[in-house]
Amino acid sequence: MDEKTQVASLSVASNILLTVTKVAVGLFSGSVSILSEGIHSGIDLVAAFIALFAVKRSGKPADSCHAYGHGKIENVSGTIEAALIFVAALMIIIESIQKIQEIILGHGGHVSDLGLGLGLLIMGISAILNMIVSTRLMKVAKRTDSVALEADALHLRTDVYTSGGVFVGLLMIKITGWTIIDPIIALGVAFMIIRAAIDLTKKAFAPLVDVSLPDEERKIIAEVLQLYADEFVEFHKLRTRKAGPERHVDLHLVVAKYTPIVDVHELCDRIEEEISQKLSVTFVLIHAEPCSSRDVACPVEDGLASSCQRCRLQNSEIRNQKPGINE
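Residues numbered from 1 in each chain as written. Predicted model: local features only at pLDDT ≥ 70, side-chain atom pairs only at ≥ 80, totals over all residues. Heavy atoms only, no water.

K.L.:
I'm lost on the overall build of the protein chain in this one. Help?
P.N.:
If you tally the helices and strands in the protein chain, you get 10 helices and three strands. Element order for the protein chain, N to C, with α for helix and β for strand: α-α-α-α-α-α-α-β-β-α-β-α-α. Taking all 327 residues of the protein chain together, the buried fraction comes to 45%. Here the analysis covers contacts within the protein chain between residues at least 6 apart in sequence; of these, 72% occur between residues at least 24 apart. Only carbon and sulfur atoms are counted for the fraction: they give 62% of the accessible area of the protein chain, which is about 16700 Å². (Helix = DSSP H or I, 4+ residues; strand = E, 2+ residues; numbered from the N terminus. Buried < 20%, exposed > 50% of the residue type's maximum accessible area, 1.4 Å probe, protein only. Contact = heavy atoms within 4.5 Å. Areas by Shrake-Rupley, 256 points an atom, 1.4 Å probe, with all protein chains shown as cover.)

Here you go:
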């Protein structure tokens, strides 16, 4: 079992424990904020299963049906997880509003002392456990550039904050006796969840529509090409995209017309290797083309071509070979 699968499995196990415990305590105590946290953890559990499936599938090599690999499975899973977070937030908002109405009308809202004590205990444990697991997930996600694991880590990190908020709310109820604090805290939990869902949607969905790599990564690619500028005329039609942890880059490289194909091939190999070293899990495709067409004379035949470094070098060699040219 690889590292990504291990941490995804750890997330599943921790979420099972927290979901069952929170829902049980929430139902026993009658606290909507604890119950909302149980719902939140339940959504986290579903998300953890999706992340586990995604990291297993995305790691498979390309096949006849998926010639570009399975990387985008992670983006699909991240988008689904974001949708699940929105659903959880909506459920919490509805339940909280109903609870506020009941308290105002005097039909409910009481939270037992035992329920408060259990709620404080489970919220404290939940915050600590989720902080440990989410930190571990995020480290592996950053190292492996896994969208699925990062989404799962964001879920649990949000749970840390919301559990802490519920803990403070329950403590205030215990001190003041104001039960209306309970559903108000639950509403706060819901809005924090929505914010996390919006951020996750942006990150996970963008690669599904082939958004270009970030400017800093495109700059790295351009810098690598500049290192070999003396060996080609120019490059254009640079295109980039991402699929899960994989980056895909393709471009057109203009070379001097009479450069031997073996030299062009070796140049492309060196550029591809350099880019792959700078940006992990990057697949580069270079289309080489001549500086002029078949029936148009190469600039080196007619004299100095200032736009082509290779032509300048070749022209200099030709001039040196002609007798009397430098005399």
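K.L.:
Would you mind showing me how to read the packing of helix α7 (residues 215–227) against helix α8 (residues 261–278) here?
P.N.:
The geometry of a pair of packed helices is captured by two quantities: the angle between their axes and the separation between those axes. One way to put it is that α7 packs onto α8 with a least axis distance of 10 Å and a crossing angle of 145°. Crossing handedness for the pair α7 and α8: right-handed. Touching Ile220, Ile221, Val224, Leu225 and Leu227 of α7 are Ile271, Glu274, Ile275 and Lys278, all from α8. Looking at the contact of α7 with α8 residue by residue, the class counts come to seven nonpolar, no polar and two charged. (Axes fitted to C-alpha atoms, helices over the stretch in contact; angles between N-to-C directions. Left-handed = near helix turned anticlockwise from the far one by under 90°. Nonpolar A, V, L, I, M, F, W, Y, C, P; charged D, E, K, R; others polar.)

K.L.:
Is there a simple way to explain the pattern of salt bridges in this structure?
P.N.:
If charged atoms from side chains of opposite charge come close, those side chains can pair. For the coordinates displayed, the defined rule picks out six salt bridges. For glutamate 3, the salt bridge is made with arginine 143, and the minimal N-O distance between the two is 2.5 Å. Of this pair, glutamate 3 sits in helix α1 (residues 3–29) while arginine 143 sits in helix α4 (residues 113–144); the two residues are 140 residues apart in sequence, bridging distant segments of the chain. Exposure remark for glutamate 3: the relative accessible area of 29% places this residue in the partly exposed category. In this structure, glutamate 150 engages lysine 142 in a salt bridge whose closest nitrogen and oxygen atoms are separated by 3.7 Å. By relative accessible area, which is 12% here, glutamate 150 ends up buried. With a relative accessible area of 55%, lysine 142 lands in the exposed category. (Salt bridge = Lys/Arg side-chain N within 4 Å of Asp/Glu carboxyl O.)

K.L.:
Please clarify how α8 should be interpreted in this entry.
P.N.:
Every α-helix carries 3.6 residues per turn, so stepping three or four residues along brings you back to the same face. The end-to-end C-alpha distance of α8 is 26 Å, a good match for the 26 Å that 18 residues give at a rise of 1.5 Å each. Taken as a whole, α8 has its buried residues at Val264, Leu267, Cys268, Ile271, Glu274 and Ile275. Each buried residue of α8 lies within a common arc of 130° when the element is viewed along its axis, so the set occupies one face. Buried-residue contacts for α8 involve α7, β2 (246–255) and β3 (282–290). (Expected span 1.5 Å × (residues − 1). Arc of directions from axis to C-beta.)

K.L.:
What is the right way to look at a nonpolar patch on the surface in this model?
P.N.:
A surface patch of nonpolar side chains, about 440 Å² in accessible area, is lined by Phe167, Val168, Leu171, Met172 and Ile175. By the element assignment, valine 168 lies in helix α5 (residues 147–176). By relative accessible area, which is 44% here, valine 168 ends up partly exposed. (Patch = residues over 30% accessible without salt bridge, like charges linked within 9 Å, V, L, I, M, F, W, Y side chains within 5 Å.)

K.L.:
Honestly, a negative patch on the surface in this entry has me stumped. Any pointers?
P.N.:
Taken together, Asp263, Glu266, Asp269 and Glu273 make up a surface patch of like negative charges. On the secondary structure map, glutamate 266 appears in helix α8. (Lys, Arg positive; Asp, Glu negative; His and termini not counted. Charge placed at Lys NZ, Arg CZ, Asp CG, Glu CD.)

K.L.:
Can you help me understand the packing of helix α2 (residues 32–58) against helix α6 (residues 181–205) in this one?
P.N.:
At a closest axis distance of 8 Å, the pairing of α2 and α6 adopts a crossing angle of 25°. As summarised for this structure, α2 and α6 are arranged roughly parallel, according to the angle between their axes. Of α6, the residues touching α2 (which contributes Val32, Ser33, Ile34, Ser36, Glu37 and His40) are Asp182, Pro183, Ile185, Ala186, Val189 and Ile193. For the contact of α2 with α6, the residue count by class is seven nonpolar, three polar and two charged. (Parallel < 35°, antiparallel > 145°, perpendicular 65-115°, else oblique.)

K.L.:
What is the right way to read the environment of isoleucine 184 from this model?
P.N.:
As for its placement among the helices and strands, isoleucine 184 is situated in helix α6. The class of isoleucine 184 is partly exposed, set by a relative accessible area of 47%. With 87 residues separating them along the chain, isoleucine 184 and isoleucine 97 place their C-alpha atoms 8.6 Å apart.

K.L.:
How do you make sense of the pairing of β3 when you look at a structure like this?
P.N.:
The side chains of a regular strand alternate between the sheet's two faces. Bridge analysis of β2 against β3 gives nine bridges, and the strand direction is parallel. The partner of leucine 253 across the bridge, within β3, is alanine 288. Between β2 and its parallel partner β3, the chain crosses via α8, and the hand of that crossover is right-handed. (Pairing = 2+ DSSP bridges. Right-handed = clockwise from strand over helix to strand, strands pointing away.)

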